[in-house]
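This is what each chain is made of:
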Amino acid sequence: MTENIGFVGLGIMGQGMAHNLLKAGFPLTVWNRTAGKMEPLLAAGAKAGRDPADVAAQSDMVLVCVSDTPDVEAVILGQEQGIIQGAKAGSLVIDCSTISPLATRKLATALAEKGVAMLDAPVSGGSEGAAKGTLSIMVGGEAADFERAQPVFQAIGKKITHVGPIGAGQTVKLVNQILVVGNCLAMCEALLFAQAGGVDLTKTLEAVSAGAAGSWMLSNRGPQILQRDWRPGFTIDLQQKDIRLVLDAADALGVPLPGTALIFQLYRTLQAQGLGSEGNHALVKALEHLAGFEIEAAGE
Ligand code: NAP
């Protein structure tokens, strides 16, 4: 039996994921705080919910993809309009946002008191992965709930891994983010070095992307840096939020992460300059400032 799906949060990621659920044939009810972002989904066949509670009342499974921990808490636990107010016993909430593992466990406990199950299912793969349905999804929760959600995960993702109990998905996502920002810093330093060395940057990217130095970051965001195209697949503000989650968790665990802490501070300099809505690859601007020169735009 096809389950009715709800989707709350139609930002850069949610848009693509919700479209892919429609394409896969799921009956879909959506809600977004800024109502205009629902229009492309409604035009493609989704129904509009009045608020998260209404979406939950019309759905067997509700996916959430909003910004930060307090935002997920608001849409799930909100006193009047939260998912918990409308969700039926036996339904399943799947949180695809990147938030605190500890807060995730508390949300799951609150939902369980109403007979509602929860999976944490943060994603990786950027706006491109969301649009193409090729996300990596790291899932925490009960095995039976993971199995139940498989058809939904298959519609939005490619690599789907059940990594452990509730909250484990968020912990693995933070592992992912340590790797992402480390890759990003390495890419930015490498391109500045190449610029100073006088080599052709497009050819340099082509040469190194195929070898041991290749990465998603280099292939997808390297060309954007060369064009000085700062449009976000993932904003600096949200990237900074993820590093804060990493550093908070690392502090609680007593694990030193000196490299990640440095990148947190570099992103902070960009936020201080009002660049928080640019893409995370604009990290190169912080290094350009230190170096005293810039990457020259390709084709100029
Ligand atoms: P985004 O484009 O900024 O969208 C954020 C969404 O959250 C919007 O729909 C926004 O509504 C909604 N929202 C924020 N606060 C809210 C609140 N208090 N109540 C209700 N709705 C609220 O961000 P995104 O890039 O799609 O990211 C969404 C989540 O996915 C984040 O946790 C992010 O870390 C994670 N993620 C992003 C990427 C990426 O590459 N972009 C990759 C993996 C994971 P409005 O439209 O009204 O502002």
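Everything numeric here is computed off the predicted structure, so don't read it as measured data. (Residues numbered from 1 in each chain as written. Predicted model: local features only at pLDDT ≥ 70, side-chain atom pairs only at ≥ 80, totals over all residues. Heavy atoms only, no water.)

Asks: Help me understand the site of the ligand, please; the structure alone is not making it clear to me.
Replies: Near the ligand you find 26 residues, and of these N32, T34, K37, G233 and K241 are the closest. Interatomic distance of 2.8 Å between a backbone N/O atom of M13 and an oxygen atom of the ligand. In the model, an oxygen atom of the ligand is placed 2.8 Å from a nitrogen or oxygen of the K241 side chain. Here the ligand, which alone exposes 900 Å², has 88% of that area covered by the protein. (Near = heavy atom within 4 Å. Polar contact = N/O pair within 3.5 Å; in protein donor to acceptor, adjacent residues only side chain to side chain. Areas by Shrake-Rupley, 256 points an atom, 1.4 Å probe, with all protein chains shown as cover.)

Asks: In this structure, what is going on with the packing of helix α9 (residues 168–197) against helix α11 (residues 216–226)? I would like to understand it.
Replies: Geometrically, a packed helix pair is captured by the angle between its two axes and the distance between the axes. For the pair α9 and α11, interaxial distance at closest approach is 10 Å and the crossing angle is 45°. Classified by the angle between their axes, α9 and α11 sit oblique to one another. Of the two elements, α9 crosses α11, and the hand of that crossing is right-handed. For the pair α9 and α11, contact is made by V180, N183, C184, M187, C188 and L191 and by M217, L218, R221, G222, I225 and L226, respectively. In the contact of α9 with α11, the residues fall into 9 nonpolar, 2 polar and 1 charged. (Axes fitted to C-alpha atoms, helices over the stretch in contact; angles between N-to-C directions. Helix = DSSP H or I, 4+ residues; strand = E, 2+ residues; numbered from the N terminus. Parallel < 35°, antiparallel > 145°, perpendicular 65-115°, else oblique. Left-handed = near helix turned anticlockwise from the far one by under 90°. Contact = heavy atoms within 4.5 Å. Nonpolar A, V, L, I, M, F, W, Y, C, P; charged D, E, K, R; others polar.)

Asks: Sorry if this is basic, but what is going on with unusual backbone geometry here?
Replies: A positive phi angle, near 50°, is found at R228, a position not held by glycine. You can call R228 partly exposed: its relative accessible area is 22%. (Buried < 20%, exposed > 50% of the residue type's maximum accessible area, 1.4 Å probe, protein only.)

Asks: Can you help me understand the packing of aromatic side chains in this one?
Replies: We describe a pair of aromatic rings using the distance from one ring centre to the other and the angle between the two ring planes. Across all of its chains, the model carries 1 aromatic pair by this definition. With a centroid separation of 6.1 Å and 40° between ring planes, the pair formed by F146 and F153 is classed as tilted. A relative accessible area of 8% places F146 in the buried class. By relative accessible area, F153 is classed as buried at 0%. (Phe/Tyr/Trp six-rings, centres within 6.5 Å; stacked < 30°, edge-to-face > 60°.)

Asks: Sorry, what's going on with the packing of α9 against helix α12 (residues 236–253) here?
Replies: At their nearest, the axes of α9 and α12 sit 10 Å apart, and the two run at 120° to each other. Considered as vectors, α9 and α12 are oriented oblique to each other. The crossing of α9 and α12 is left-handed. Every residue of α12 that contacts α9 at K173, L174, Q177, I178, V180 and V181 is listed here: Q239, D242, I243, L245, V246 and A249. Of the residues contributing to the contact of α9 with α12, the split by class is 8 nonpolar, 2 polar and 2 charged.

Asks: What is the right way to look at the environment of S59 in this model?
Replies: Position of S59 relative to the elements: it lies in the loop between α3 (52–57) and β4 (61–64). Distance from S59 to H162, taken between C-alpha atoms, is 23 Å for residues 103 residues apart in sequence. Apart from the residues within four sequence positions on either side, S59 is in contact with N4, I5, G6, T29, K88 and S91. A distance of 3.3 Å separates a polar atom in the side chain of S59 from the backbone nitrogen of G6.

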